[in-house]
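Each chain, letter by letter, is given below.
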Amino acid sequence: MSVLLIEAFYGGSHKQLMDLLQEELREDCVLCTLPAKKWHWKARTAALYFMQTVPASTNYRILFASSVLNLAELAALRPDLAKLKKVLYFHENQLAYPVQKCQERDFQYGYNQVLSCLVADVVVFNSAFNMESFLTSIGKFMKLIPDHRPKDLEKIIRPKCQVLYFPVRFPDVSRFMPEHKLAHLEKVIGVKSNGDAYRSEGLPGQQKSRALMKTSDARRESGLCEAQPGLCTTQHEGPPSPLTAPASLGTSEASESTNPCQEEDKQHLTFNLCNIASGRDYQQRPLHVAWPHRWEHDKDPETFFKVLLKLKEKDLPFHVSVLGEAFTEIPDIFAEAKKALGSSVLHWGYLPSKEDYFQALCMADVVISTAKHEFFGVAM
(Lines give C-alpha, C1' and ligand atoms only; values in the text may rest on other atoms or scores of the structure.)
Protein backbone atom coordinates (compact mmCIF):
# COMPACT_ATOMS: atom_id res chain seq x y z
CA MET A 1 0.00 0.00 0.00
CA SER A 2 2.25 2.76 -1.29
CA VAL A 3 -0.50 5.37 -1.78
CA LEU A 4 -2.23 7.05 1.15
CA LEU A 5 -5.61 8.55 0.16
CA ILE A 6 -7.09 11.09 2.57
CA GLU A 7 -10.53 12.64 2.12
CA ALA A 8 -11.85 14.97 4.81
CA PHE A 9 -15.25 15.30 3.10
CA TYR A 10 -16.13 11.83 1.82
CA GLY A 11 -19.23 12.57 -0.19
CA GLY A 12 -20.33 13.91 -3.56
CA SER A 13 -17.63 14.18 -6.19
CA HIS A 14 -15.00 13.84 -3.46
CA LYS A 15 -16.22 10.32 -2.69
CA GLN A 16 -16.57 9.54 -6.38
CA LEU A 17 -12.92 10.32 -7.06
CA MET A 18 -11.59 8.45 -4.04
CA ASP A 19 -13.68 5.37 -4.83
CA LEU A 20 -12.37 5.34 -8.38
CA LEU A 21 -8.76 5.68 -7.26
CA GLN A 22 -9.21 2.96 -4.68
CA GLU A 23 -10.73 0.67 -7.30
CA GLU A 24 -7.87 1.28 -9.74
CA LEU A 25 -5.07 1.04 -7.17
CA ARG A 26 -6.63 -1.95 -5.41
CA GLU A 27 -4.33 -3.28 -2.65
CA ASP A 28 -1.70 -0.61 -3.31
CA CYS A 29 -3.56 2.08 -1.35
CA VAL A 30 -5.19 2.82 1.98
CA LEU A 31 -8.14 5.22 2.26
CA CYS A 32 -8.81 7.40 5.32
CA THR A 33 -11.98 9.51 5.37
CA LEU A 34 -14.36 11.68 7.35
CA PRO A 35 -18.11 11.80 6.57
CA ALA A 36 -19.53 14.47 4.27
CA LYS A 37 -21.24 16.73 6.78
CA LYS A 38 -20.40 19.99 8.55
CA TRP A 39 -17.88 20.94 5.88
CA HIS A 40 -16.59 23.98 7.74
CA TRP A 41 -15.60 21.92 10.76
CA LYS A 42 -13.85 19.36 8.54
CA ALA A 43 -11.81 22.13 6.89
CA ARG A 44 -10.75 23.48 10.26
CA THR A 45 -10.09 20.31 12.25
CA ALA A 46 -9.55 17.33 9.94
CA ALA A 47 -5.75 17.46 10.17
CA LEU A 48 -5.84 16.87 13.91
CA TYR A 49 -8.20 13.92 13.45
CA PHE A 50 -6.05 12.31 10.76
CA MET A 51 -2.92 12.92 12.81
CA GLN A 52 -4.33 10.45 15.32
CA THR A 53 -6.06 8.00 12.98
CA VAL A 54 -3.86 7.55 9.88
CA PRO A 55 -1.88 4.36 10.50
CA ALA A 56 1.89 4.64 10.36
CA SER A 57 3.60 2.70 7.59
CA THR A 58 7.03 2.58 5.99
CA ASN A 59 5.37 1.55 2.71
CA TYR A 60 3.77 4.92 1.94
CA ARG A 61 5.29 6.76 -1.02
CA ILE A 62 2.51 9.15 -2.07
CA LEU A 63 -0.09 11.13 -0.10
CA PHE A 64 -3.14 12.16 -2.15
CA ALA A 65 -5.70 14.46 -0.53
CA SER A 66 -8.37 16.94 -1.51
CA SER A 67 -8.01 20.61 -0.63
CA VAL A 68 -10.56 20.37 2.19
CA LEU A 69 -7.69 19.05 4.30
CA ASN A 70 -5.19 21.55 5.70
CA LEU A 71 -2.15 19.73 4.39
CA ALA A 72 0.27 22.10 6.11
CA GLU A 73 -1.15 21.21 9.52
CA LEU A 74 -1.08 17.47 8.84
CA ALA A 75 2.52 17.63 7.58
CA ALA A 76 3.55 19.47 10.76
CA LEU A 77 1.65 17.08 13.03
CA ARG A 78 2.90 13.94 11.25
CA PRO A 79 6.54 14.34 10.14
CA ASP A 80 6.46 10.81 8.68
CA LEU A 81 3.75 11.93 6.22
CA ALA A 82 5.55 15.17 5.43
CA LYS A 83 8.32 13.13 3.79
CA LEU A 84 5.94 11.63 1.21
CA LYS A 85 5.27 13.02 -2.26
CA LYS A 86 2.19 15.10 -1.51
CA VAL A 87 -0.48 15.55 -4.20
CA LEU A 88 -3.26 18.07 -3.46
CA TYR A 89 -6.46 17.86 -5.54
CA PHE A 90 -8.78 20.87 -5.90
CA HIS A 91 -12.43 20.01 -6.55
CA GLU A 92 -13.16 23.67 -5.76
CA ASN A 93 -11.23 26.59 -4.38
CA GLN A 94 -12.28 28.88 -1.57
CA LEU A 95 -10.94 32.03 -3.21
CA ALA A 96 -13.56 31.90 -5.96
CA TYR A 97 -16.29 29.77 -4.37
CA PRO A 98 -19.56 31.76 -4.45
CA VAL A 99 -20.85 33.11 -1.15
CA GLN A 100 -24.24 34.69 -0.53
CA LYS A 101 -22.67 37.91 0.78
CA CYS A 102 -19.10 39.13 0.38
CA GLN A 103 -18.62 39.61 4.11
CA GLU A 104 -19.54 35.95 4.64
CA ARG A 105 -16.32 34.69 3.03
CA ASP A 106 -14.19 33.27 5.83
CA PHE A 107 -10.54 34.19 5.28
CA GLN A 108 -9.31 31.04 7.02
CA TYR A 109 -10.57 28.55 4.42
CA GLY A 110 -8.81 30.20 1.49
CA TYR A 111 -5.72 30.77 3.64
CA ASN A 112 -5.63 27.06 4.51
CA GLN A 113 -5.67 26.17 0.81
CA VAL A 114 -2.81 28.55 0.05
CA LEU A 115 -0.75 27.01 2.86
CA SER A 116 -1.59 23.52 1.60
CA CYS A 117 -0.34 24.45 -1.89
CA LEU A 118 2.95 25.72 -0.45
CA VAL A 119 3.48 22.38 1.33
CA ALA A 120 2.32 20.14 -1.56
CA ASP A 121 4.68 18.79 -4.21
CA VAL A 122 1.99 18.65 -6.91
CA VAL A 123 -1.25 20.67 -7.03
CA VAL A 124 -3.97 19.36 -9.32
CA PHE A 125 -7.16 21.15 -10.41
CA ASN A 126 -10.19 19.62 -12.09
CA SER A 127 -10.42 22.44 -14.66
CA ALA A 128 -8.43 25.35 -16.04
CA PHE A 129 -11.06 27.71 -14.65
CA ASN A 130 -10.58 26.28 -11.18
CA MET A 131 -6.81 26.63 -11.41
CA GLU A 132 -6.70 30.14 -12.88
CA SER A 133 -9.43 31.53 -10.64
CA PHE A 134 -7.45 30.32 -7.64
CA LEU A 135 -3.98 31.41 -8.73
CA THR A 136 -5.01 34.84 -9.99
CA SER A 137 -6.99 35.54 -6.82
CA ILE A 138 -4.13 34.90 -4.40
CA GLY A 139 -2.66 38.42 -4.64
CA LYS A 140 -5.98 40.17 -4.06
CA PHE A 141 -6.86 37.70 -1.30
CA MET A 142 -3.64 38.37 0.59
CA LYS A 143 -4.39 42.10 0.55
CA LEU A 144 -7.04 41.36 3.16
CA ILE A 145 -4.17 40.95 5.63
CA PRO A 146 -3.82 44.36 7.38
CA ASP A 147 -0.02 44.57 7.13
CA HIS A 148 3.20 42.58 6.57
CA ARG A 149 1.64 40.74 3.67
CA PRO A 150 3.44 37.82 1.99
CA LYS A 151 4.56 38.41 -1.59
CA ASP A 152 4.81 36.48 -4.85
CA LEU A 153 2.85 33.46 -3.63
CA GLU A 154 1.31 32.89 -7.06
CA LYS A 155 4.79 32.64 -8.60
CA ILE A 156 5.80 30.09 -5.97
CA ILE A 157 2.68 27.93 -6.34
CA ARG A 158 2.01 28.08 -10.11
CA PRO A 159 4.93 25.83 -11.20
CA LYS A 160 3.45 23.01 -9.08
CA CYS A 161 0.02 23.28 -10.68
CA GLN A 162 -1.60 21.31 -13.47
CA VAL A 163 -5.08 20.52 -14.75
CA LEU A 164 -6.33 16.94 -14.57
CA TYR A 165 -9.98 16.71 -15.56
CA PHE A 166 -12.27 14.87 -13.22
CA PRO A 167 -12.35 11.18 -14.28
CA VAL A 168 -15.83 9.91 -15.10
CA ARG A 169 -16.81 6.41 -16.14
CA PHE A 170 -20.04 6.54 -18.06
CA PRO A 171 -22.31 3.58 -17.34
CA ASP A 172 -24.34 1.87 -20.02
CA VAL A 173 -27.79 3.27 -19.25
CA SER A 174 -29.52 2.22 -22.47
CA ARG A 175 -31.72 -0.28 -20.62
CA PHE A 176 -33.27 2.62 -18.71
CA MET A 177 -34.09 4.62 -21.83
CA PRO A 178 -37.62 4.84 -23.26
CA GLU A 179 -38.12 3.42 -26.72
CA HIS A 180 -38.21 6.75 -28.51
CA LYS A 181 -34.74 7.64 -27.18
CA LEU A 182 -33.27 4.29 -28.17
CA ALA A 183 -34.71 4.68 -31.65
CA HIS A 184 -33.19 8.15 -31.88
CA LEU A 185 -29.77 6.88 -30.73
CA GLU A 186 -29.87 4.07 -33.28
CA LYS A 187 -30.67 6.54 -36.02
CA VAL A 188 -28.10 9.18 -35.05
CA ILE A 189 -25.07 7.29 -33.69
CA GLY A 190 -25.63 3.69 -34.64
CA VAL A 191 -26.70 2.05 -31.40
CA LYS A 192 -27.10 -1.68 -31.96
CA SER A 193 -29.05 -4.20 -29.95
CA ASN A 194 -27.05 -6.83 -28.11
CA GLY A 195 -29.38 -9.12 -26.21
CA ASP A 196 -31.17 -7.17 -23.49
CA ALA A 197 -28.61 -4.36 -23.51
CA TYR A 198 -27.65 -1.90 -26.20
CA ARG A 199 -24.08 -1.14 -27.19
CA SER A 200 -22.84 1.93 -28.99
CA GLU A 201 -20.08 1.80 -31.57
CA GLY A 202 -17.63 4.51 -32.47
CA LEU A 203 -18.49 6.97 -29.73
CA PRO A 204 -15.39 9.17 -29.31
CA GLY A 205 -16.28 10.11 -25.75
CA GLN A 206 -16.61 6.52 -24.64
CA GLN A 207 -13.42 5.46 -26.40
CA LYS A 208 -11.52 8.30 -24.75
CA SER A 209 -13.04 7.47 -21.38
CA ARG A 210 -11.97 3.84 -21.68
CA ALA A 211 -8.47 4.83 -22.70
CA LEU A 212 -8.12 7.27 -19.83
CA MET A 213 -9.40 4.88 -17.24
CA LYS A 214 -7.20 2.00 -18.53
CA THR A 215 -9.88 -0.57 -17.91
CA SER A 216 -8.27 -3.96 -17.66
CA ASP A 217 -11.05 -6.52 -17.66
CA ALA A 218 -14.39 -7.19 -19.29
CA ARG A 219 -16.38 -6.22 -16.21
CA ARG A 220 -14.85 -2.76 -16.10
CA GLU A 221 -14.96 -2.28 -19.84
CA SER A 222 -18.68 -2.98 -19.96
CA GLY A 223 -19.56 -1.67 -16.49
CA LEU A 224 -18.04 1.77 -16.86
CA CYS A 225 -18.90 2.45 -13.23
CA GLU A 226 -18.93 6.14 -12.43
CA ALA A 227 -16.92 6.49 -9.32
CA GLN A 228 -18.80 9.80 -6.94
CA PRO A 229 -20.54 15.35 -6.64
CA GLY A 230 -19.18 17.47 -6.31
CA LEU A 231 -18.24 19.85 -4.52
CA CYS A 232 -19.83 19.49 -6.23
CA THR A 233 -21.57 17.01 -4.14
CA THR A 234 -23.77 15.45 -6.81
CA GLN A 235 -26.35 12.76 -6.73
CA HIS A 236 -24.40 10.16 -8.72
CA GLU A 237 -21.51 9.21 -6.53
CA GLY A 238 -19.75 5.94 -7.17
CA PRO A 239 -22.54 4.27 -9.12
CA PRO A 240 -22.22 0.60 -9.93
CA SER A 241 -22.40 -0.69 -13.45
CA PRO A 242 -26.06 -1.27 -14.32
CA LEU A 243 -24.95 -4.24 -16.41
CA THR A 244 -23.17 -6.09 -13.64
CA ALA A 245 -24.50 -4.81 -10.33
CA PRO A 246 -27.54 -6.25 -8.56
CA ALA A 247 -30.66 -4.14 -8.79
CA SER A 248 -30.70 -3.55 -5.06
CA LEU A 249 -27.23 -2.00 -4.96
CA GLY A 250 -27.33 1.47 -3.48
CA THR A 251 -30.55 1.07 -1.54
CA SER A 252 -28.64 0.96 1.71
CA GLU A 253 -26.14 3.64 0.72
CA ALA A 254 -28.10 6.74 1.66
CA SER A 255 -25.63 9.50 2.39
CA GLU A 256 -25.08 10.47 6.00
CA SER A 257 -25.65 14.04 4.91
CA THR A 258 -29.04 13.39 3.34
CA ASN A 259 -31.70 15.45 5.04
CA PRO A 260 -34.52 13.58 6.84
CA CYS A 261 -37.03 15.79 5.03
CA GLN A 262 -36.09 14.03 1.81
CA GLU A 263 -36.64 10.64 3.42
CA GLU A 264 -40.20 11.68 4.15
CA ASP A 265 -40.67 12.83 0.56
CA LYS A 266 -39.59 9.44 -0.77
CA GLN A 267 -42.43 7.76 1.08
CA HIS A 268 -45.03 9.89 -0.67
CA LEU A 269 -43.53 10.69 -4.08
CA THR A 270 -42.38 7.68 -6.07
CA PHE A 271 -41.62 7.00 -9.70
CA ASN A 272 -44.19 5.32 -11.90
CA LEU A 273 -42.53 5.48 -15.29
CA CYS A 274 -43.79 2.38 -17.10
CA ASN A 275 -45.92 4.31 -19.54
CA ILE A 276 -43.12 6.76 -20.25
CA ALA A 277 -40.64 3.96 -20.87
CA SER A 278 -42.88 2.33 -23.40
CA GLY A 279 -42.84 5.47 -25.49
CA ARG A 280 -46.62 5.45 -25.79
CA ASP A 281 -48.13 8.87 -26.34
CA TYR A 282 -44.69 10.41 -25.91
CA GLN A 283 -45.47 13.47 -27.97
CA GLN A 284 -48.58 14.15 -25.90
CA ARG A 285 -47.08 13.82 -22.44
CA PRO A 286 -45.77 16.89 -20.55
CA LEU A 287 -42.14 17.91 -20.77
CA HIS A 288 -40.10 16.21 -18.02
CA VAL A 289 -37.47 18.51 -16.46
CA ALA A 290 -34.73 17.22 -14.11
CA TRP A 291 -32.59 19.26 -11.69
CA PRO A 292 -29.87 16.96 -10.21
CA HIS A 293 -27.88 19.21 -7.88
CA ARG A 294 -27.04 19.91 -4.26
CA TRP A 295 -29.79 21.77 -2.45
CA GLU A 296 -27.60 24.78 -1.72
CA HIS A 297 -27.45 28.44 -2.66
CA ASP A 298 -24.58 28.24 -5.15
CA LYS A 299 -26.70 26.00 -7.40
CA ASP A 300 -29.22 28.88 -7.58
CA PRO A 301 -32.46 26.92 -7.04
CA GLU A 302 -34.34 30.23 -6.83
CA THR A 303 -33.87 30.91 -10.55
CA PHE A 304 -34.84 27.34 -11.46
CA PHE A 305 -38.06 27.37 -9.47
CA LYS A 306 -38.90 30.90 -10.60
CA VAL A 307 -39.00 29.67 -14.19
CA LEU A 308 -41.07 26.60 -13.32
CA LEU A 309 -43.58 28.66 -11.38
CA LYS A 310 -43.94 30.96 -14.40
CA LEU A 311 -44.77 27.90 -16.51
CA LYS A 312 -47.29 26.89 -13.86
CA GLU A 313 -48.91 30.33 -13.95
CA LYS A 314 -49.33 30.02 -17.71
CA ASP A 315 -50.89 26.54 -17.33
CA LEU A 316 -48.16 24.96 -19.43
CA PRO A 317 -47.93 21.24 -18.64
CA PHE A 318 -44.63 19.82 -17.35
CA HIS A 319 -43.22 17.33 -14.87
CA VAL A 320 -40.20 17.95 -12.68
CA SER A 321 -37.75 15.70 -10.84
CA VAL A 322 -35.74 17.55 -8.21
CA LEU A 323 -32.84 15.26 -7.35
CA GLY A 324 -29.58 15.74 -5.46
CA GLU A 325 -28.60 15.79 -1.81
CA ALA A 326 -29.78 18.14 0.92
CA PHE A 327 -27.67 19.03 3.92
CA THR A 328 -28.38 20.59 7.29
CA GLU A 329 -29.50 23.95 5.96
CA ILE A 330 -31.99 23.83 3.08
CA PRO A 331 -32.94 27.05 1.25
CA ASP A 332 -36.56 27.98 1.96
CA ILE A 333 -37.40 27.97 -1.74
CA PHE A 334 -37.50 24.15 -1.81
CA ALA A 335 -40.42 23.82 0.58
CA GLU A 336 -42.23 26.71 -1.08
CA ALA A 337 -41.72 25.33 -4.58
CA LYS A 338 -42.77 21.81 -3.68
CA LYS A 339 -46.09 23.08 -2.41
CA ALA A 340 -46.65 25.42 -5.37
CA LEU A 341 -45.72 22.85 -8.03
CA GLY A 342 -48.07 20.23 -6.62
CA SER A 343 -48.94 17.48 -9.10
CA SER A 344 -46.20 18.58 -11.50
CA VAL A 345 -43.63 16.91 -9.21
CA LEU A 346 -42.59 13.42 -10.33
CA HIS A 347 -39.88 13.02 -7.74
CA TRP A 348 -38.52 15.15 -4.92
CA GLY A 349 -35.28 14.39 -3.15
CA TYR A 350 -32.17 12.23 -3.06
CA LEU A 351 -32.27 8.81 -4.73
CA PRO A 352 -29.91 6.47 -2.88
CA SER A 353 -30.32 3.79 -5.54
CA LYS A 354 -28.06 4.50 -8.50
CA GLU A 355 -30.38 2.59 -10.80
CA ASP A 356 -33.30 4.81 -9.79
CA TYR A 357 -31.13 7.87 -10.35
CA PHE A 358 -30.01 6.80 -13.81
CA GLN A 359 -33.58 5.91 -14.71
CA ALA A 360 -34.80 9.34 -13.61
CA LEU A 361 -32.20 11.03 -15.80
CA CYS A 362 -32.94 8.81 -18.78
CA MET A 363 -36.66 9.49 -18.55
CA ALA A 364 -36.17 13.26 -18.40
CA ASP A 365 -36.39 15.34 -21.56
CA VAL A 366 -34.30 18.21 -20.23
CA VAL A 367 -31.66 18.41 -17.48
CA ILE A 368 -31.15 21.92 -16.14
CA SER A 369 -28.26 23.63 -14.36
CA THR A 370 -28.79 27.06 -12.84
CA ALA A 371 -25.49 27.02 -10.93
CA LYS A 372 -23.91 30.41 -10.39
CA HIS A 373 -20.68 28.79 -11.53
CA GLU A 374 -19.12 25.34 -11.76
CA PHE A 375 -15.51 24.38 -11.19
CA PHE A 376 -16.22 21.20 -13.17
CA GLY A 377 -19.91 20.25 -12.92
CA VAL A 378 -19.90 16.47 -12.59
CA ALA A 379 -23.70 16.27 -12.43
CA MET A 380 -24.10 17.83 -15.85
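By convention here, each chain's residues receive numbers from 1 onward along its written sequence. Per-residue local features are limited, in this predicted model, to residues with pLDDT of at least 70; the limit for side-chain atom pairs, both in listing and counting, is 80 or more; totals at the level of whole chains, interfaces and linings are taken over all residues. Each side-chain value is worked out from all heavy atoms of the structure, with water and hydrogens disregarded.

Some remarks on the sheet that holds strand S9 (residues 287-292)
Put simply, the rule reads: Any two strands with at least two DSSP-identified bridges between them are counted as paired. Note on conventions: DSSP H or I runs of at least 4 residues are helices, E runs of at least 2 residues are strands, and numbering of each starts at the N terminus.
Overall, parallel pairing links the four strands, which are arranged S11-S10-S9-S12 in an open sheet. Only two strands of the sheet have a single partner each, and these edge strands are strand S11 (345-348) and strand S12 (366-367). Sheet topology note: the S9/strand S10 (residues 318-323) ladder contains six bridges and is parallel. Of the residues in S10, the one forming a bridge with histidine 288 is histidine 319.

Thoughts on the sheet that holds strand S4 (residues 85-90)
The cut-off we apply is this: Only the stretch in contact is used when a helix axis is fitted, and all axes are lines through C-alpha atoms; the angle between N-to-C directions ranges over 0 to 180 degrees. Between two residues, a contact is recorded if the distance between any of their heavy atoms is within 4.5 Å.
Across the sheet, six strands lie side by side as S2-S1-S3-S4-S5-S6; this open sheet has parallel pairing. Among the strands making up the open sheet, the edge pair consists of strand S2 (29-35) and strand S6 (161-163). In this sheet, adjacent strand axes meet at a mean angle of 20 degrees when their direction is disregarded. Relative to S6, strand S5 (residues 122-125) runs parallel, the two being bridged by three bridges. Residue valine 124 lies in a different strand from S6, and its bridge partner there is glutamine 162. Of the strands in this sheet, strand S1 (3-10), S2, strand S3 (62-66) and S4 are in contact with helix H1 (residues 12-25), which crosses S1 at around 160 degrees.

A look at unusual backbone geometry
As a reminder, the rule being used: Residue burial is assigned from relative accessible area. The probe radius is 1.4 Å, only protein chains are included, and a residue is buried under 20% of its type maximum, exposed over 50%, and partly exposed in between.
Phi is positive for arginine 26, which is not a glycine, with a value near 55 degrees. For arginine 26, the location among the structural elements is in the loop between H1 and S2. On the basis of relative accessibility, which here comes to 42%, the residue arginine 26 falls in the partly exposed class.

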